[in-house]
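The residues making up each chain are set out below.
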Amino acid sequence: MRYFLHFAYQGFNFRGWQQQPGEVRTVQGVMEGILQRILKHEISLVGCGRTDAQVHASQYFAHFDTPEELRPDFKFILNKNLPPTISIFDVIPVHPRAHARYDATDRQYDYLLHTRKQAFLGELSALYLQDAPNIARMQTAAAQLLKFEDFQAYCLTPDRHNTTICHLRQVRIFANPDRTRIRLQFAANRYLRGMIRILVHRLLEVGWGQITEEEFLRPLREHDPPRPLRSAYPEGLYLSSVTYPYIEKPPRVQLNFEE
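On a predicted model such as this, the values are computed, not experimentally measured, just so you know.

Caption draft 1: Molecular detail of the layout of surface pockets. Its volume calculated, the largest pocket comes out at about 1200 Å³. Around the largest pocket sit 38 residues that line it, and G49, R50, T51, Y191 and R193 are the ones nearest its centre. Counting only elements with at least two residues in the lining of the largest pocket, the list comes to β2 (46–47), β5 (106–114) and α4 (195–207). A total of 3 residues in the lining of the largest pocket trace back to one element, the largest contributor, which is α4. Here the residues of the lining of the largest pocket sort into 17 nonpolar, 12 polar and 9 charged.

As structure tokens, then:
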């Protein structure tokens, strides 16, 4: 039997999704350990994608195999045993060849940031104690990204990818009226390592007038990364939506941060 888990996690106190050697706390490692304790056999949990240390997922899917059908209260038991920063929404029986990573056709990321210090946002949003950026300028620059497919210049490790071609479907930027809480949203079929956080950092530089729109786009045109290649803070990034041709599960967590 193969099952998909539909869940969310607050990633601030994890070293990312993927299991790592040594005493490193990852989402995959914690979940595999608890699943093995409940099901009494070895579990390999395959996720829909990697997230870096301190990055969140407001919607995430992973699959695992088990020899017997799960009991009806399995979701309740799993949620009782998982830490409060991981919440299971659905346990979905799927075809034996269904794959959480390779079958995903679209992924959406949201990046949340605030420019006024707030005590309860430290682990859920990135704090930039600077003047509010020019949102219109950022939106104009972001719209130009849809004209490009090769994002090699905005990748931390382009040589590790078989291709650096990504099909961005949408880039949107929202802000509350005083521009102290901002959300950047990206939708594409795939992403390169570090790509979203690098793009966010560069768009903020456009918004603060530190670089022009032309300077933002030139690395993409010339396939030459800016130096140094800087990234936005990890705690603002969320994997927020994953799409499959055979699963219709809308995100349970809504990131209406600009309101």
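Alright, that's what it looks like, and here's the rest.
Caption draft 2: Inspection of the packing of helix α1 (residues 27–39) against helix α2 (residues 74–81) at higher detail. Two numbers describe how α1 lies on α2: the axes approach to 10 Å, and their chain directions differ by 130°. Taken as axis vectors, α1 and α2 run oblique relative to one another. The handedness of the crossing between α1 and α2 is right-handed. Side by side, α1 and α2 meet where I34, L35, R37, I38 and L39 of the first sit next to F74, I77, L78 and N81 of the second. The residue inventory of the contact of α1 with α2, partitioned by class, reads 7 nonpolar, 1 polar and 1 charged.

Caption draft 3: Summary view of a positive patch on the surface. Taken together, the side chains of R50, R101, R160 and R193 present a region of like positive charge at the surface. Within the fold, R50 resides in the loop between β2 and β3 (56–65). R50 gets classed as exposed once you look at its relative accessible area, which sits at 62%.

Scoring rules and cut-offs
Residues numbered from 1 in each chain as written. Predicted model: local features only at pLDDT ≥ 70, side-chain atom pairs only at ≥ 80, totals over all residues. Heavy atoms only, no water. 1 Å grid on protein atoms, 1.4 Å probe; cavity = no way out; pocket = protein on both sides within 12 Å on 5 of 7 lines; lining within 4 Å. Points joined across faces, edges and corners; volume = space filled by probe spheres on them. Helix = DSSP H or I, 4+ residues; strand = E, 2+ residues; numbered from the N terminus. Nonpolar A, V, L, I, M, F, W, Y, C, P; charged D, E, K, R; others polar. Axes fitted to C-alpha atoms, helices over the stretch in contact; angles between N-to-C directions. Parallel < 35°, antiparallel > 145°, perpendicular 65-115°, else oblique. Left-handed = near helix turned anticlockwise from the far one by under 90°. Contact = heavy atoms within 4.5 Å. Patch = residues over 30% accessible without salt bridge, like charges linked within 9 Å, V, L, I, M, F, W, Y side chains within 5 Å. Areas by Shrake-Rupley, 256 points an atom, 1.4 Å probe, with all protein chains shown as cover. Salt bridge = Lys/Arg side-chain N within 4 Å of Asp/Glu carboxyl O. Lys, Arg positive; Asp, Glu negative; His and termini not counted. Charge placed at Lys NZ, Arg CZ, Asp CG, Glu CD. Buried < 20%, exposed > 50% of the residue type's maximum accessible area, 1.4 Å probe, protein only.

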